[in-house]
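Observations on the model geometry
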Amino acid sequence: MSGFNLLHLVTKSQPVALKSCALPSGICRKKKTWPVTFTQEELKKRLTPMQYHVTQEKGTESAFTGEYAHSKDKGTYNCIVCGAPLFTSDKKFDSGSGWPSFFDLIKEDSIALTDDFSYGVHRVETSCSQCGAHLGHLFDDGPRPTGKRYCINSASLGFQPKEATVTAEASEEASASGSKTEL
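Residues numbered from 1 in each chain as written. Predicted model: local features only at pLDDT ≥ 70, side-chain atom pairs only at ≥ 80, totals over all residues. Heavy atoms only, no water.

**Describing the overall build of the protein**
What counts is decided by this rule: Strands are runs of DSSP state E lasting at least 2 residues, helices are runs of H or I lasting at least 4, and numbering of each runs from the N terminus. Exposed residues in this analysis have more than 50% of their type's maximum accessible area, buried residues have under 20%, and partly exposed residues fall in between, with area computed by a 1.4 Å probe over protein chains only. Here a residue-residue contact requires only that any non-hydrogen atoms of the pair lie within 4.5 Å. Residue burial considers only the protein chains on display, and all accessible areas are found by Shrake-Rupley using a 1.4 Å probe.
Assigned secondary structure in the protein consists of four helices and nine strands. Written out in order from the N terminus, the α and β elements of the protein read α-α-α-β-β-β-β-β-β-β-β-β-α. Counting only residues that meet the buried cut, the protein has 33% of its 183 residues in that class. Once local pairs closer than 6 in sequence are excluded, the contacts in the protein between residues at least 24 apart make up 57%. When the accessible surface of the protein is split by element, carbon and sulfur atoms take 55% of a total near 11,700 Å².

Structure, rendered in structure tokens:
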């Protein structure tokens, strides 16, 4: 029997089961509304064409071309649409995939997960839990301790360097204390 005939026989006689969302709880979250919303016109003005394509049309940038694919800078990665903090640089790793990869989130509920069966393959789509912007996908082949790989498009991310974060916090503390000094 040829390989084609054998494959045809196997696939015809056995039903193909679609795997449910790969969340630890076995529950797939699917949101229709988001806490933060923007008009499409506003987003088209504010975002680059690639950022708009990725975040609003569920597009993907080409591998190894994104701004943060090889970045080693220390800081926080935010949603480019609403600014919600998503990942820190200490959770970023080089997966060899060509997209920024992270093994953990800042907060567990900062990303919404949805089943994605596009291209005939099951994947878990990641979206910002605040505005619904498409970020990328989640895979279960990441490093320890989580075993997760959040494969995220650079175009969906903004970056705040650690120095800027420390300076902003110091500025806030100075404002809160009244910025008075004793002589």
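**Some words on unusual backbone geometry**
Between Arg 144 and Pro 145 the backbone carries a cis peptide bond, its omega angle lying at 10°. Structurally, Pro 145 is set in the loop between strand E7 (134-139) and strand E8 (149-152). Phi is positive for Phe 64, which is not a glycine, with a value near 65°. Here Phe 64 lies in the loop between helix H3 (49-57) and strand E1 (75-79). For Tyr 119, which is not glycine, the phi dihedral falls at a positive 60°. Within the secondary structure layout, Tyr 119 lies in the loop between strand E5 (111-116) and strand E6 (123-128).

**Describing the nonpolar core**
For clarity, the threshold we go by: Each nonpolar core is a collection of buried residues, namely Ala, Val, Leu, Ile, Met, Phe, Trp, Tyr and Cys, held together in the definition by side-chain atoms within 4.5 Å.
By size, the foremost hydrophobic cluster in this structure holds 23 residues, and its most contacted members are Cys 79, Phe 87, Ile 111, Tyr 150 and Leu 157. The set of elements that each furnish at least two residues to this core consists of E1, strand E2 (85-88), E5, E6, E7 and E8. Discounting chain neighbours no more than four positions away, the residues touching Phe 87 are Gly 75, Thr 76, Tyr 77, Phe 102, Asp 104, Leu 105, Ile 106, Ile 111, Tyr 150, Ile 152 and Leu 157.

**Structural notes on the sheet that holds E1**
To summarise the sheet geometry, strands pair through backbone hydrogen bonds and adopt either a parallel or an antiparallel arrangement. Heads up, the condition is: Two strands make a pair as long as DSSP finds a minimum of two bridges between them. For helices, the fitted axis covers only the stretch in contact; all axes are lines through C-alpha atoms, and the angles between them, taken along N-to-C directions, range from 0 to 180 degrees.
Read from one edge of the open sheet, three strands run E2-E1-E9, paired in antiparallel fashion. Both outer strands of the open sheet, E2 and strand E9 (157-161), are each paired with one neighbouring strand and no more. Direction aside, neighbouring strands of the sheet carry axes that sit 30° apart on average. Pairing analysis gives five bridges linking E1 to E9, with the strands arranged antiparallel. Paired with Tyr 77 across the two strands is Phe 159, which belongs to E9.

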